[in-house]
Amino acid sequence: GVFKRVGDARTLIIDEVSMLSARTLTMVDAVCREVRRDQRPFGGLQVILVGDFFQLPPVERRDVGERDPQAEAFAQIEQRFAFSSPAWRALAPLVCYLSEQHRQEDELFLGLLTALRRGDIDDDHRSLLETRHAPTPTGVTQLYSHNADVDAINDTELNKLKGDQRAYHMSSNGKDTLVAGLKRGCLSPETLILKVGARVMFTKNDHVMHKYVNGTLGVVTGFSDTGYPVVKTTDNKFVVAEPDEWRIEDAGRPLATITQVPLRLAWAMTVHKSQGMSLDAAHMDLSNAFEYGQGYVALSRVRTLAGLSLGGINQRALEVHPDILDVDADFRALSSDARDAFAAMSKAELARMHTAFVDACAGTEPEAEEE
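Residues numbered from 1 in each chain as written. Predicted model: local features only at pLDDT ≥ 70, side-chain atom pairs only at ≥ 80, totals over all residues. Heavy atoms only, no water.

Caption draft 1: Structural context of the overall build of the protein chain. When helices and strands are counted, the protein chain shows 13 helices and 16 strands. For the protein chain, the C-alpha radius of gyration of 23 Å lies close to 21 Å, the compact-globule estimate for 371 residues. When the backbone C-alpha atoms are referred to their principal axes, the protein chain occupies close to 70 × 60 × 55 Å. Intrachain contacts of the protein chain at a sequence separation of at least 6 include 71% that bridge at least 24 residues. Here the protein chain has roughly 21000 Å² of accessible surface; of this, 51% comes from carbon and sulfur atoms. Distance from the positive charge centre (41 side chains) to the negative charge centre (54 side chains) of the protein chain: 5 Å. (Helix = DSSP H or I, 4+ residues; strand = E, 2+ residues; numbered from the N terminus. Rg over C-alpha atoms; globule rule 2.2 N^0.38 Å. Contact = heavy atoms within 4.5 Å. Areas by Shrake-Rupley, 256 points an atom, 1.4 Å probe, with all protein chains shown as cover. Lys, Arg positive; Asp, Glu negative; His and termini not counted. Charge placed at Lys NZ, Arg CZ, Asp CG, Glu CD.)

This is the structure:
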């Protein structure tokens, strides 16, 4: 189970670390120390953190009755991010700031995104965005800031399709409070309704056959002999989407499980869910953007300016939090210092560090593989 995997692991990789709260990172550190019986940061694991703090911050649930003015939430944003965790400070990670852009090659569009990251949007950039204004989408993926907009669009598009619909109902087992937590974290609905032609997205990684991952897009082309949807993915693979399981375990023993076909409708999706995706084209309406980083994440999903269709945009969508600007400057400085330090090292010393790093990650030197 998880206990054994953590104990046997040599390297912990956390992707999209900007979406991990300081509290969660602290808990991960504590669990690793306890499981591995090692009081070094993260139980002595080699830790690799990857992410961009200009993107969406962690989602926080607030207790019922707690004051929730928006300004208060943003004023505390620096306490939400992983870099404010004691675990981050104890780890003291070496910073490598990646500056080369691979998703976008359109220089004009890159200039806009760079200005957005620097908090330096001007009238020319706004005029550029105005050239992409389109009141209605044209068959491309749609991005919105709120779930209510997404659900309404997906339901409308599903109703437009002719043919019979199939319904798939979630089943569950275990303590009610644990099951409720699993349902909140599951992106598939409790009742999933599909028709041939429905645009869908997988909501779970396929750990067995590796035919899809959480976020894989496709279209329902039919239903299998067992009654489950057949999905043609965007890379032209046909996959039967059979029910999968989400679970909470303790020492390998399931405490609660839910089972559902790992799909959701995907004519539209939230900006939050789109993080990490690359899209050839997308229509987005950012008129109701409410979170710092929301506009940057949405706009940077598309590869070119020509692929951007913009229904509307507000001022918040063009803002990044000033605290993140300060932290970003610190990261750049740390990365520059590290680069200078490595440049001053001898080839022999760099070779020793390279070997030590590969060994810490339980890797194998290329020369050893050839022997």
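Caption draft 2: How the structure looks around the packing of aromatic side chains. The tally for this structure, following the rule as stated, stands at nine aromatic pairs. Seen from their ring centres, phenylalanine 83 and phenylalanine 331 are 6.2 Å apart, and the 80° between their planes marks the pair as edge-to-face. Of this pair, phenylalanine 83 sits in the loop between helix 3 (70-75) and helix 4 (86-91) while phenylalanine 331 is found in helix 11 (residues 322-343), placing the two residues 248 residues apart along the sequence. Each member of the pair phenylalanine 83 and phenylalanine 331 is classed as buried. Taken together through their ring pairs, the aromatic side chains of Phe53, Phe81, Phe83, Trp88 and Phe331 make up a single cluster. The ring of phenylalanine 223 is capped by arginine 166, whose NZ or CZ atom sits 4.4 Å from the centre of that ring. Between arginine 316 and the ring centre of tyrosine 292, over which it is positioned, the NZ or CZ distance is 4.0 Å. (Phe/Tyr/Trp six-rings, centres within 6.5 Å; stacked < 30°, edge-to-face > 60°. Buried < 20%, exposed > 50% of the residue type's maximum accessible area, 1.4 Å probe, protein only. Lys NZ or Arg CZ within 6 Å of the ring centre and 35° of its normal.)

Caption draft 3: Fine view of helix 11. Here helix 11 is 22 residues long and its end C-alpha atoms lie 32 Å apart, about the 32 Å a rise of 1.5 Å per residue gives. Within the sequence span of helix 11, burial applies to Ile324, Val327, Asp328, Phe331, Ser335 and Ala338. The buried residues of helix 11 occupy an angular sector of 105° when the element is viewed end-on, so they sit on one face. Exposed positions of helix 11 whose direction lies more than 90 degrees from the buried face are Asp326, Asp337 and Ala343. Buried residues in helix 11 make contact with helix 4 and helix 5 (107-117). (Expected span 1.5 Å × (residues − 1). Arc of directions from axis to C-beta.)

Caption draft 4: Representation of a negative patch on the surface in the model. Together, Asp120, Asp122, Asp123 and Asp124 make up a region of like negative charge exposed at the surface. Secondary-structure assignment places aspartate 123 in helix 6 (residues 123-130). (Patch = residues over 30% accessible without salt bridge, like charges linked within 9 Å, V, L, I, M, F, W, Y side chains within 5 Å. Salt bridge = Lys/Arg side-chain N within 4 Å of Asp/Glu carboxyl O.)

Caption draft 5: The confidence of the model for the protein chain, seen in detail. Of the residues in the protein chain, 92% have a pLDDT of 70 or more, and the chain-wide mean is 87. Of all the helices and strands in the protein chain, helix 3 carries the lowest mean pLDDT, 42, while strand 4 (residues 166-169) carries the highest, 97. Every residue in residues 62-78 scores below 50 in pLDDT, and together they form 19 contacts with partners more than four places removed in sequence or on other chains. (pLDDT = per-residue confidence, 0-100.)

Caption draft 6: How the structure looks around the sheet that holds strand 11 (residues 244-250). Strand order in the open sheet formed by three strands is 5-12-11, and the pairing between neighbours is antiparallel. On the outer flanks of this sheet lie strand 5 (171-174) and strand 11, each paired with one strand and no other. Here the strands of the sheet are splayed against their neighbours by 15° on average, with no regard to which way each runs. Here strand 5 runs beside strand 12 (residues 253-260); their pairing, made up of four bridges, is antiparallel. Within the sheet, the bridge partner assigned to serine 171 lies in strand 12 and is threonine 259. Relative to strand 12, helix 8 (residues 176-185) is tilted by about 45°, and along the sheet it contacts strand 5, strand 11 and strand 12. (Pairing = 2+ DSSP bridges. Axes fitted to C-alpha atoms, helices over the stretch in contact; angles between N-to-C directions.)

Caption draft 7: Representation of the pattern of salt bridges. Under the criterion given, the structure shown has 12 salt bridges. For the salt bridge of aspartate 8 with lysine 4, the shortest nitrogen-to-oxygen distance reads 2.6 Å. You can see aspartate 8 and its partner lysine 4 sitting in helix 1 (residues 2-8), four residues apart, about one turn around the helix. When sorted by exposure, aspartate 8 lands in the same class as lysine 4, which is exposed. Arginine 33 is paired through a salt bridge with aspartate 29; the nearest N and O atoms lie 3.0 Å apart. On the criterion of helical spacing, the pair formed by arginine 33 and aspartate 29 is a turn pair, its members being four residues apart in helix 2 (residues 22-36). When its relative accessible area of 7% is taken as the criterion, aspartate 29 is described as buried.

Caption draft 8: The sheet that holds strand 14 (residues 268-270), seen in detail. Spatially, four strands are ordered 14-3-15-16 in an open sheet, and the strand pairing comes out parallel. The sheet is open, and its two edges are formed by strand 14 and strand 16 (308-313), each paired on a single side. The sheet shows a mean angle of 20° between the axes of neighbouring strands, taken without regard to direction. Direction of pairing for strand 3 (residues 141-144) relative to strand 14: parallel, over a ladder of three bridges. Bridging from a neighbouring strand, leucine 143 pairs with methionine 269 of strand 14. The strands that helix 7 (residues 147-160) touches are strand 3 and strand 14; relative to strand 14, the one it contacts most, it runs at about 165°.

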